[in-house]
Amino acid sequence: MNNITHTQKLWNSYAARTRAEPHIDHLLGKYKSEEFINIVKEWTDDLEHKKILKTDLNEEAYGADEILFSFFNDMSQVFALDISKEIVKKAYERQIDKHSNHHYINADVRDLPFQNNAFDLILSTSTLDHFIFVNDFKQSLVELKRILKPKGQMIIALNNAYNLNFYLMLKIQRILGLKSYPVQFYSLKTLQRICAEVGLFMQAADYIVHIISPINSILLLLRRSIFKDNADAIARKCILLFKWLGGKKISRCLTGWFIVVKCVK
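Owing to the predicted nature of the structure, the values given are computational and were not obtained by experimental measurement.

Right, let's get into the overall build of the protein chain. Regarding its fold elements, the protein chain presents 11 helices and 7 strands. Since a compact globule built from 265 residues should have a radius of gyration of about 18 Å, the 18 Å found for the protein chain is in line with a globular shape. Taking the principal axes of its C-alpha atoms as reference, the protein chain extends roughly 55 × 40 × 40 Å. A burial count over the protein chain gives 52% of its 265 residues as buried. Counted over contacts in the protein chain with a minimum sequence separation of 6, partners at least 24 positions apart contribute 83%. Between the averaged position of the 36 positive side-chain charges in the protein chain and that of its 28 negative side-chain charges there is a distance of 4 Å.

What follows is the structure in C-alpha cells.
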C-alpha cells in the first residue's frame with residue numbers, strides 16, 4: 001500500500017467515526033472559527049475577485065469551526081480539497097445547505113492538481129501537522145508554493161509546540177488510541193528554518209485559539225449528560241477565559257492551540 005492510499009484510508013476511517021461524534025463543541029468551534037477569520041482579515045488585503053484555496057475540509061464537513069461558509073461564502077473563486085472522499089462529500093452536502101458555490105475536490109496536498117501560480121491566497125488550517133515525516137510537510141510546502149501567485153499570500157496554522165498542555169493531551173490521546181491520525185507540533189524557530197529551506201519568506205507569526213485541554217472533551221461529554229442544559233453557559237464562560245488568555249502578549253505563545261504564520265514566495 002503506497003503512502004497516499006494509506007493516508008486516504010486513515011482519514012476516511014476518521015470521517016466515519018466523526019459522523020457520530022463531533023470533533024469540537026459547537027460554541028468552542030465558533031470561537032475557533034472567529035480566531036482564524038480574524039487573523040485572515042488582519043493579514044490580507046481585499047479578497048474580492050481573488051482566487052483562494054483551503055487545504056482541507058474537515059471543519060466544513062463536520063464542525064462549527066468552519067471558515068468557508070462564514071467568511072468566504074460570497075466568493076465564487078474559492079477552492080478547497082481533502083484527501084478523504086468522505087470528507088469532501090460531507091462538506092459538499094453542507095455547502096448546499098449554506099447556499100455556497102465553492103469548488104471542492106478530492107486531492108493530496110503533496111501532489112496538487114493545479115497549474116503554477118494559480119492562487120492569490122492559500123489557507124491551511126492544521127493540515128500539514130498531520131504527516132508522520134517532515135519530508136511530507138516540506139513536499140506539501142513546495143507544492144503550495146508552486147501554485148501560489150507571485151506576491152500571493154499563504155497562511156499556515158500548525159499545532160503549537162510551545163503549548164505544553166495541548167501537546168501532552170494529544171500525545172496521551174495518541175498513546176491511548178483515542179487519536180488514530182498522526183499529530184506533530186512545530187515551534188516558530190523550526191517553521192522559519194523549514195520555510196527558508198523551501199524558498200518561502202515568513203512575513204508574520206502569531207498564536208491563536210487559546211482553548212485549554214481537556215475543556216473541549218469535557219463539554220462534549222457534558223452535552224450528552226443530564227447536565228446538558230448547563231453546557232452553553234459553561235462554554236461561554238470558558239470562551240471569555242480563552243479570549244483573555246489570547247490578549248496576553250507575553251504568554252500567548254504558551255496558550256495558543258496553533259502557531260500561525262504568513263508566507264510569500
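From this point, things continue past the structure.
Turning to helix H8 (residues 188-197), a few remarks are in order. Along H8, the positions that sit buried rather than exposed are Leu 191, Ile 194 and Cys 195. Buried residues in H8, looked at end-on, bunch into an arc of 100 degrees, giving them a common side. Turned more than 90 degrees away from the buried face of H8, the exposed residues are Lys 189 and Ala 196.

Turning next to the packing of aromatic side chains. Tallying each qualifying case throughout the model produces 12 aromatic pairs. Aromatic side chains Phe 71 and Phe 72 sit 4.8 Å apart centroid to centroid with 65 degrees between the ring planes, which places their arrangement in the edge-to-face category. Across this residue pair, the class does not change: Phe 71 and Phe 72 are buried. Between Trp 257 and Phe 258, the ring centres sit 5.1 Å apart and the planes meet at 10 degrees, which makes this aromatic pair stacked. For the pair shown, Trp 257 and Phe 258 are each scored as buried. By the ring-pair criterion, three or more aromatic residues cluster together here, those being Phe 36, Phe 166, Tyr 167, Phe 185, Trp 257 and Phe 258. Directly above the ring of Phe 119 sits Lys 51, whose terminal nitrogen or CZ lies 5.2 Å from the centroid.

So, about the nonpolar core. Of all hydrophobic cores here, the largest spans 48 residues; its most connected members are Val 40 and Phe 72. In terms of residues, this core owes the most to one element, helix H2 (residues 26-43), which gives 8 residues. The residues touching Phe 72, leaving out its near neighbours within four places in the chain, are Val 40, Leu 47, Ile 52, Ile 67, Val 78, His 102, Leu 121 and Leu 123. Counting residues in hydrophobic clusters, the runner-up holds 31 residues, among them Phe 79, Ile 122, Ile 147 and Leu 158.

Glancing now at the sheet that holds strand S7 (residues 258-264). The strand order across the open sheet built from 7 strands is S3-S2-S1-S4-S5-S7-S6, with neighbouring strands paired in mixed fashion. Every other strand in the sheet has two partners, leaving strand S3 (103-106) and strand S6 (201-208) as the edge strands with one partner each. Each strand of the sheet is rotated relative to its neighbour by a mean of 15 degrees, with strand direction disregarded. With respect to the sheet, H2 is in contact with strand S4 (119-125), strand S5 (148-159), S6 and S7, its orientation differing from that of S6 by roughly 150 degrees.

With that out of the way, let us pick up H2. Taking 1.5 Å of rise per residue, 18 residues should cover 26 Å, and H2 covers 26 Å from first to last C-alpha, within 8% of that figure. Among the residues making up H2, those that are buried are Leu 27, Leu 28, Gly 29, Tyr 31, Lys 32, Ser 33, Glu 35, Phe 36, Ile 37, Ile 39, Val 40 and Trp 43. Of the residues flanking the start of H2, the one acting as N-cap is Asp 25, its side-chain oxygen 3.1 Å from the backbone nitrogen of Leu 27.

Burial runs high along strand S2 (residues 78-82): 5 of the 5 residues are buried. Burial along S2 is two-sided: the residues Val 78, Ala 80 and Asp 82 and Phe 79 and Leu 81 are all buried. Where strand S1 (residues 52-54) meets S2, 3 bridges bridge the pair, whose relative direction is parallel. Counted as the bridge partner of Leu 53 is Phe 79 from S2. Of the crossover connections in this fold, the one passing from S2 over helix H5 (residues 85-97) to the parallel S3 is right-handed.

Here Val 134 is to be found in helix H6 (residues 134-147). Overall, the relative accessible area of 37% leaves Val 134 in the partly exposed class. Distance in space between the C-alpha atoms of Val 134 and Ser 180 is 18 Å, their sequence separation being 46 residues. Not counting chain neighbours up to four residues away, the residues in contact with Val 134 comprise Tyr 186 and Ile 194.

Tallied over the entire structure, the rule returns 0 disulfides. With no disulfide partner, Cys 195 has as its closest neighbouring cysteine sulfur the one in Cys 263, 3.8 Å distant. According to the relative accessible area criterion, Cys 195 is buried, its value standing at 2%.

Cut-offs used in this document
- Residues numbered from 1 in each chain as written.
- Predicted model: local features only at pLDDT ≥ 70, side-chain atom pairs only at ≥ 80, totals over all residues.
- Heavy atoms only, no water.
- Helix = DSSP H or I, 4+ residues; strand = E, 2+ residues; numbered from the N terminus.
- Rg over C-alpha atoms; globule rule 2.2 N^0.38 Å.
- Buried < 20%, exposed > 50% of the residue type's maximum accessible area, 1.4 Å probe, protein only.
- Contact = heavy atoms within 4.5 Å.
- Lys, Arg positive; Asp, Glu negative; His and termini not counted.
- Charge placed at Lys NZ, Arg CZ, Asp CG, Glu CD.
- Arc of directions from axis to C-beta.
- Phe/Tyr/Trp six-rings, centres within 6.5 Å; stacked < 30°, edge-to-face > 60°.
- Lys NZ or Arg CZ within 6 Å of the ring centre and 35° of its normal.
- Core = buried A, V, L, I, M, F, W, Y, C linked by side-chain atoms within 4.5 Å.
- Pairing = 2+ DSSP bridges.
- Axes fitted to C-alpha atoms, helices over the stretch in contact; angles between N-to-C directions.
- Expected span 1.5 Å × (residues − 1).
- Polar contact = N/O pair within 3.5 Å; in protein donor to acceptor, adjacent residues only side chain to side chain.
- Right-handed = clockwise from strand over helix to strand, strands pointing away.
- Disulfide = S-S within 2.5 Å.

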